[in-house]
Amino acid sequence: MNENLRNKLTLGGSLALAVILTACGGTSTSTATVSTGITPQKMADALHAVMESDRTVYTKKVVNRLQNEQQVIKASEHWEDDKALPLPAQMFRMGAEMVTAKNVGFTYGLLSKWPVNKQNAPKTEIEKQGLDFIDANGGTEPFYGEETLGDSKYFTAIYADVGVVTACVKCHNEHKDSPKTDFKIGDVMGGVVIRIPVDS
Ligand code: HEC
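Just so you know, these numbers come straight off a predicted model, no measurement behind them. (Residues numbered from 1 in each chain as written. Predicted model: local features only at pLDDT ≥ 70, side-chain atom pairs only at ≥ 80, totals over all residues.)

Undergrad: Describe in detail the overall build of the protein, supporting the description with residues and values.
TA: Summing up its helical and strand segments, the protein has seven helices and four strands in all. If you list the helices and strands of the protein from N to C, you get α-α-α-α-α-β-α-β-β-α-β. Long-range pairs, those at least 24 residues apart, make up 56% of the contacts in the protein with a sequence separation of at least 6. (Helix = DSSP H or I, 4+ residues; strand = E, 2+ residues; numbered from the N terminus. Contact = placed C-beta atoms within 7 Å.)

Okay, structure coming up:
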């Protein structure tokens, strides 16, 4: 990386710059951490704060308001055919897929021990441990771990995904593919996993 750029980034030291620095290449993540003083954990926490806020805003101000409160339009898995709103999980995944396609060096997704869509079940050991951890503490603390997948080492953080409004729990409880039908508002319904590549 260009030395001038690195100096500017070091001076700035903000998260936005760390994200840009990471975007310069997946393998430069740990350089970014050293030169800006931002650890993978802080970066994951900040990314999650943005994701969680967007997800909550969409669910509360769009889906819950228009579907459950004002009954103007429904949210549907088949939103294109049904001319409906995409589900919050679908909005989240469309964003995650776009980020993966950008190759910015981190990935994220939504998982659950009680998945409506079996594809969203935990697969790696760390994902299982993380979901158990956030479930046991009621979502008060995130889970942090490290894992090696293929040839790459990752810092992996898992944050509780909480049923914040009626729409969340009602839709899951009533869904024919949901293995759990007694979610309540405030329950941990799953987890957001964020993976940041680190040098081994
Ligand atoms: C209108 C129905 C609906 C609403 C509202 C809804 N969900 Fe979902 N949710 C689904 C469906 C269907 C899936 C599976 C989507 C997929 O991956 O194809 C899903 C996926 C998920 C997943 C991933 C695991 C799984 O079950 O497949 C989590 C976690 C989750 N939702 C939590 C929430 C939370 C928390 C809210 C509120 C913020 C919410 N959902 C709102 C229907 C809904």
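From this point on, the discussion continues.
Undergrad: I'd like a description of the site of the ligand, backed by residues and values.
TA: In the vicinity of the ligand, 24 residues are found, and the nearest of them are Ala 89, Ser 112, Cys 168, Cys 171 and Gly 190. Those elements giving two or more residues to the shell around the ligand turn out to be α4 (40–69), α5 (88–102), β3 (152–162), α7 (166–174) and β4 (188–198). Looking at the shell around the ligand element by element, the count peaks at four residues for α7. (Near = placed C-beta within 6 Å.)

Undergrad: Mind laying out the nonpolar core, listing which residues take part and the relevant values?
TA: As a rule of thumb, nonpolar side chains are buried together in soluble globular proteins. Counting 31 residues, the largest nonpolar core has Ala 44, Ala 157, Ile 158, Val 192, Ile 194 and Ile 196 as the members making the most contacts within it. Taken together, the elements giving at least two residues each to this core come down to α4, α5, β1 (107–111), α6 (125–136), β3, α7 and β4. Excluding its chain neighbours within four sequence positions, the residues that come into contact with Ile 194 are Ala 44, Leu 47, His 48, Phe 106, Tyr 108 and Ala 157. (Core = buried A, V, L, I, M, F, W, Y, C linked by C-beta atoms within 7 Å. Buried ≥ 20, exposed ≤ 12 C-beta atoms within 10 Å, placed from the backbone.)

Undergrad: Describe the sheet that holds β4, listing the residues and the values that go with them.
TA: In spatial order, the strands read β1-β4-β3-β2; together these four strands make up an open sheet with antiparallel pairing. Every other strand in the sheet has two partners, leaving β1 and β2 (143–149) as the edge strands with one partner each. When strand polarity is set aside, the average angle formed by the axes of neighbouring strands in this sheet is 25 degrees. Relative to β4, β3 runs antiparallel, the two being bridged by ten bridges. Each residue of the ladder has a partner; that of Tyr 154, found in β4, is Pro 197. (Pairing = 2+ DSSP bridges. Axes fitted to C-alpha atoms, helices over the stretch in contact; angles between N-to-C directions.)

Undergrad: Which residues make up the confidence of the model for the protein, and what values go with them?
TA: Parts of the model with low pLDDT should not have their predicted coordinates read in detail. Averaged over every residue, the pLDDT of the protein is 86; the share at 70 or more is 82%. The element-level mean pLDDT for the protein is lowest in helix α1 (residues 3–12), coming to 39, with α6 highest at 98. This model gives residues 1–34 a pLDDT under 50, and the stretch forms 46 contacts once residues within four places in sequence are excluded. (pLDDT = per-residue confidence, 0-100.)

Undergrad: I'd like a rundown of unusual backbone geometry, residues and numbers included.
TA: The phi dihedral of Gln 71 falls on the positive side, at around 50 degrees, and the residue is not glycine. With respect to the helices and strands, Gln 71 occurs in the loop between α4 and α5. Its 8 C-beta neighbours within 10 Å are what place Gln 71 among the exposed residues. Located in the positive-phi region is Lys 83, a residue other than glycine, with phi close to 50 degrees. Mapped onto the fold, Lys 83 is located in the loop between α4 and α5.

Undergrad: I'd like a rundown of α4, residues and numbers included.
TA: At Val 63, α4 shows its largest kink, close to 40 degrees. Among all positions in α4, only Pro 40, Met 43, Ala 44, Leu 47, Met 51, Thr 59, Val 63, Asn 64 and Gln 67 are buried. Of the residues trailing α4, Gln 71 is marked for its positive phi of about 50 degrees. (Bend = angle between axes of the 7 residues up to and from the residue.)

Undergrad: An account of the pairing of β3 is needed here, citing residue identities and associated values.
TA: In terms of residue burial, β3 counts as a mostly covered element, since eight of its eleven residues are buried. Where β2 lies against β3, seven bridges are found, and the strand directions are antiparallel. Within β3, the residue paired with Phe 143 across the bridge is Ile 158. Hairpin geometry of β2 and β3 is characterised by an intervening segment of two residues between the two adjacent antiparallel strands and by a positive phi of about 65 degrees at Gly 150.

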